[in-house]
Amino acid sequence: MACLLETPIRMSVLSEVTASSRHYVDRLFDPDPQKVLQGVIDMKNAVIGNNKQKANLIVLGAVPRLLYLLQQETSSTELKTECAVVLGSLAMGTENNVKSLLDCHIIPALLQGLLSPDLKFIEACLRCLRTIFTSPVTPEELLYTDATVIPHLMALLSRSRYTQEYICQIFSHCCKGPDHQTILFNHGAVQNIAHLLTSVSYKVRMQALKCFSVLAFENPQVSMTLVNVLVDGELLPQIFVKMLQRDKPIEMQLTSAKCLTYMCRAGAIRTDDNCIVLKTLPCLVRMCSKERLLEERVEGAETLAYLIEPDVELQRIASITDHLIAMLADYFKYPSSVSAITDIKRLDHDLKHAHELRQAAFKLYASLGANDEDIRKKIIDTENMMDRIVTGLSESSVKVRLAAVRCLHSLSRSVQQLRTSFQDHAVWKPLMKVLQNAPDEILVVASSMLCNLLLEFSPSKEPILESGAVELLCGLTQSENPALRVNGIWALMNMAFQAEQKIKADILRSLSTEQLFRLLSDSDLNVLMKTLGLLRNLLSTRPHIDKIMSTHGKQIMQAVTLILEGEHNIEVKEQTLCILANIADGTTAKELIMTNDDILQKIKYYMGHSHVKLQLAAMFCISNLVWNEEEGQRRRCSSTWRDENTPGTCGHPTSLIKEVQELASFDSFYLHKSPWTAGSCFAKAIW
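Note that the coordinates shown come from a computational prediction; the quantities given were computed from them, not determined experimentally. (Residues numbered from 1 in each chain as written. Predicted model: local features only at pLDDT ≥ 70, side-chain atom pairs only at ≥ 80, totals over all residues. Heavy atoms only, no water.)

### What to know about the overall build of the protein chain
1) Next: From N to C terminus, the protein chain includes 43 helices and 2 strands.
2) Next: Across the 687 residues of the protein chain, 54% fall into the buried class.
3) Next: For the protein chain, the share of sequence-separated contacts (at least 6 apart) that also reach a separation of at least 24 residues comes to 67%.
4) Next: In the structure as shown, the protein chain presents an accessible area of about 31,400 Å², 52% of it carried by carbon and sulfur atoms. (Helix = DSSP H or I, 4+ residues; strand = E, 2+ residues; numbered from the N terminus. Buried < 20%, exposed > 50% of the residue type's maximum accessible area, 1.4 Å probe, protein only. Contact = heavy atoms within 4.5 Å. Areas by Shrake-Rupley, 256 points an atom, 1.4 Å probe, with all protein chains shown as cover.)

Okay, structure coming up:
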């Protein structure tokens, strides 16, 4: 059996291979089984806590021989068990050690060992599997390759507290998405693990708890099942709440809070349930305290951000709990020069991971300020907050930059802050730099924020335009990512709102007619809707309408026709009719409608449509076409009501006026005024 190392063997490593290490490997090949066993035991003692010795033995080929002995039927159970223990010890070394073990196909050999009737050997195999699967270099899919593995692991849960601990730990690390959740759920994970929450072993309870947190995450099916599970006469949520109590270990409090949070977000628990408002939320706020360890503060803040993200009331409650907004400001000062940390290793660890605190703070601020104006103001008024967010936009960590952009995006929903704080700190400048060169995940959020900065009341709109935003946004509309296409066209739509003719011309020139019509045929509904919105904003103000239609009228009318004839929803067709209404408001542009019998018939058809929005939009078209202050109104009215059964002749308008007046009799606030305005206009023009 051969085993290849992933990285080349360095000469320095070879030089460190001692005669003693070779001796350990040589003894594995002794013909005397007892000497082999003693050799494995001695090897076990030699590698404990000695990474150099572990690397030496791997280089010398100990792993293939250990796996061979572990799988041999002639090997005693004691020898197999000791081999599994040594392999587990080797796996506890560096990530390169784990890679070497994987290259030797250790996982299939250990899984095969789980079929043994001997409990000690099974526990040794599981312990080694636990160590390997919890390594970041091990693909989780290796657990699911053989369909018989998961049900066998479920069956082993009842063998001992060690099998329970190791198997739950394997499950919690290898459950990385809905597919894995479904496999575990379908094999009875909930029923098999639930009773472990009452185990006498703390480690078993914790690993079972972690299992439920990964199973419930964004999974309504699992969450709805968990909420009704009984364990010793108590519902599972009640057990989780007991584990939130202050006298429980912090790890248990946090993991229980995550379980309840995920069940709530999945819809299994109401957001106003006492277990969320009075237990889970306060517990997570406690975790944000500066008395907690860095990783606890990070996990607490990120879980709280996820809990309150969609719910306004939870955001308000959280904002006034234990001075949370001010408490989060400490996340940017850690560790301070007067830090209470005396453990040098802990201090070194925290210095390396301090960026995670900033990331977590930005995430929680983003959730807190998602809806409430007063909360946004409190966040921005916090010490140096805008400067910290702007600094976060240029951090080396992608995750921190993303969290900072999300925080700014949340705060940018405030009209007042757009006019004040965002302008005072020239937020648009670092944002434009972010948009120049960033991963898609950052671009999506940053471009969403840019949409807000381009609203007509934003003082940042003009400098953004001058900085070349048109070309940048037009480039986004060509992205393969639908979210970026939506945001690009959305920002252009905001930019075009009540804009000068020059800006509209720049948009049309940079976007190009071809790209505009590609967007109108985009398969993503949001892209189509925002493109129609852009067209509406471009086709506003009569001189602008006439100018654009004089150069692009034929293509625009073709696009309008195709959309009105296509299988689109009510909202799309309403937007399209509103574009026609804008065109009809032009001085010369309306001739493109008046000379197009097909379009006129479509407008007439939608006047009689069963949906009130389409009736209203069609009536706006007619109202603009025949408005009585314009020249040629009588001709347009006559043309509009030409008798479709007698080409070239004008029918009596009475029946058509009745159609308009009948619309006014509908019990609809929206239709009340427009049809009567149009109807009286027709009457004056014709009679």
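### Digging into the packing of aromatic side chains
1) Next: Enumeration according to the criterion identifies 7 aromatic pairs in this entry.
2) Next: Across the ring face of Tyr306, the terminal group of Arg265 is positioned such that the distance to the ring centre comes to 4.2 Å.
3) Next: Lys530 extends its terminal NZ or CZ atom over the ring of Trp490, reaching a point 3.9 Å from the ring centre. (Phe/Tyr/Trp six-rings, centres within 6.5 Å; stacked < 30°, edge-to-face > 60°. Lys NZ or Arg CZ within 6 Å of the ring centre and 35° of its normal.)

### Here we look at helix 18 (residues 274-287)
1) Next: Across its 14 residues, helix 18 extends 19 Å between first and last C-alpha, which sits within 8% of the 20 Å expected from 1.5 Å per residue.
2) Next: Its maximal kink placed at Thr280, helix 18 deviates by approximately 30°, while the proline Pro282 follows within four residues.
3) Next: Restricting attention to buried positions, one finds in helix 18 the residues Cys275, Ile276, Val277, Thr280, Leu281, Cys283, Leu284, Val285, Arg286 and Met287.
4) Next: Considering only its buried residues, helix 18 is in contact with helix 16 (236-242), helix 17 (250-265), helix 19 (294-308), helix 20 (312-319) and helix 21 (324-329).
5) Next: The backbone nitrogen of Cys275 lies 2.9 Å from a side-chain oxygen of the residue at the head of helix 18, namely Asp273. (Expected span 1.5 Å × (residues − 1). Bend = angle between axes of the 7 residues up to and from the residue. Polar contact = N/O pair within 3.5 Å; in protein donor to acceptor, adjacent residues only side chain to side chain.)

### Structural notes on the pattern of salt bridges
Two side chains bearing opposite charge may form a pair once their charged atoms approach each other closely.
1) Next: On inspection of all chains with the given rule, the structure shows 23 salt bridges.
2) Next: Ionic pairing is found between Arg270 and Asp272, a salt bridge with its closest N-O pair at 2.7 Å.
3) Next: Judged by relative accessible area, Asp272 falls into the partly exposed class, the value being 44%.
4) Next: Linked through salt bridges whose partners overlap, the residues forming this network are Glu313, Arg316 and Asp372. (Salt bridge = Lys/Arg side-chain N within 4 Å of Asp/Glu carboxyl O.)

### Some remarks on the UniProt feature "repeat: ARM" (unreviewed entry) in the protein chain
1) Next: Residues annotated in UniProt with the feature "repeat: ARM" (unreviewed entry) correspond here to residues 61-97.
2) Next: The span residues 61-97 carries 76% helix and 0% strand; its end-to-end C-alpha distance comes to 12 Å. (UniProt positions renumbered as here; feature names shortened; annotations may be inferred.)

### A look at the nonpolar core
1) Next: Counting 230 residues, the largest nonpolar core has Phe212, Leu368 and Leu580 as the members making the most contacts within it.
2) Next: Ignoring any residue separated from it by four or fewer positions in sequence, one finds Leu580 in contact with Met557, Val560, Leu564, Ile593, Ile599, Ile603 and Cys621. (Core = buried A, V, L, I, M, F, W, Y, C linked by side-chain atoms within 4.5 Å.)

### A short note on unusual backbone geometry
1) Next: Even without glycine at this site, Ala426 takes up a positive phi of about 45°.
2) Next: Examined against the element boundaries, Ala426 turns out to sit in the loop between helix 27 (421-424) and helix 28 (428-436).

### Describing the packing of helix 31 (residues 469-476) against helix 33 (residues 501-511)
1) Next: Packing of helix 31 against helix 33 leaves a shortest axis separation of 9 Å and a crossing angle of 40°. Classified by the angle between their axes, helix 31 and helix 33 sit oblique to one another. By crossing handedness, the relation of helix 31 to helix 33 is classed as right-handed. Two secondary-structure elements touch here, helix 31 through Val470, Glu471 and Cys474 and helix 33 through Asp506, Ile507, Ser510 and Leu511.
2) Next: Among the residues making up the contact of helix 31 with helix 33, the classes are represented as 4 nonpolar, 1 polar and 2 charged. (Axes fitted to C-alpha atoms, helices over the stretch in contact; angles between N-to-C directions. Parallel < 35°, antiparallel > 145°, perpendicular 65-115°, else oblique. Left-handed = near helix turned anticlockwise from the far one by under 90°. Nonpolar A, V, L, I, M, F, W, Y, C, P; charged D, E, K, R; others polar.)

### Observations regarding the packing of helix 17 against helix 18
1) Next: Relative to each other, helix 17 and helix 18 sit at 135°, their axes nearing to 10 Å. Relative to helix 18, the element helix 17 is oriented oblique. Crossing hand, helix 17 versus helix 18: left-handed. For the pair helix 17 and helix 18, contact is made by Ile250, Gln253, Leu254, Ala257, Leu260, Thr261 and Cys264 and by Cys275, Ile276, Thr280, Cys283, Leu284, Arg286 and Met287, respectively.
2) Next: Class assignment of the residues belonging to the contact of helix 17 with helix 18 gives a composition of 10 nonpolar, 3 polar and 1 charged.

### With respect to the environment of Ile545
1) Next: In this fold, Ile545 is placed in helix 36 (residues 542-565).
2) Next: Judged by its relative accessible area of 1%, Ile545 is buried.
3) Next: With 42 residues separating them in the primary sequence, Ile545 and Thr587 have C-alpha atoms 8.3 Å apart.

### Structural notes on the side chain of Arg485
1) Next: Residue placement: Arg485 occurs in helix 32 (residues 482-496).
2) Next: For Arg485, a relative accessible area of 12% gives the class buried.
3) Next: Polar side-chain contacts of Arg485 include one of 3.0 Å to the backbone oxygen of Ser479.
4) Next: When near neighbours in sequence (up to four residues on either side) are disregarded, Arg485 contacts Leu476, Thr477, Ser479, Glu480, Asp522, Asp524 and Val527.

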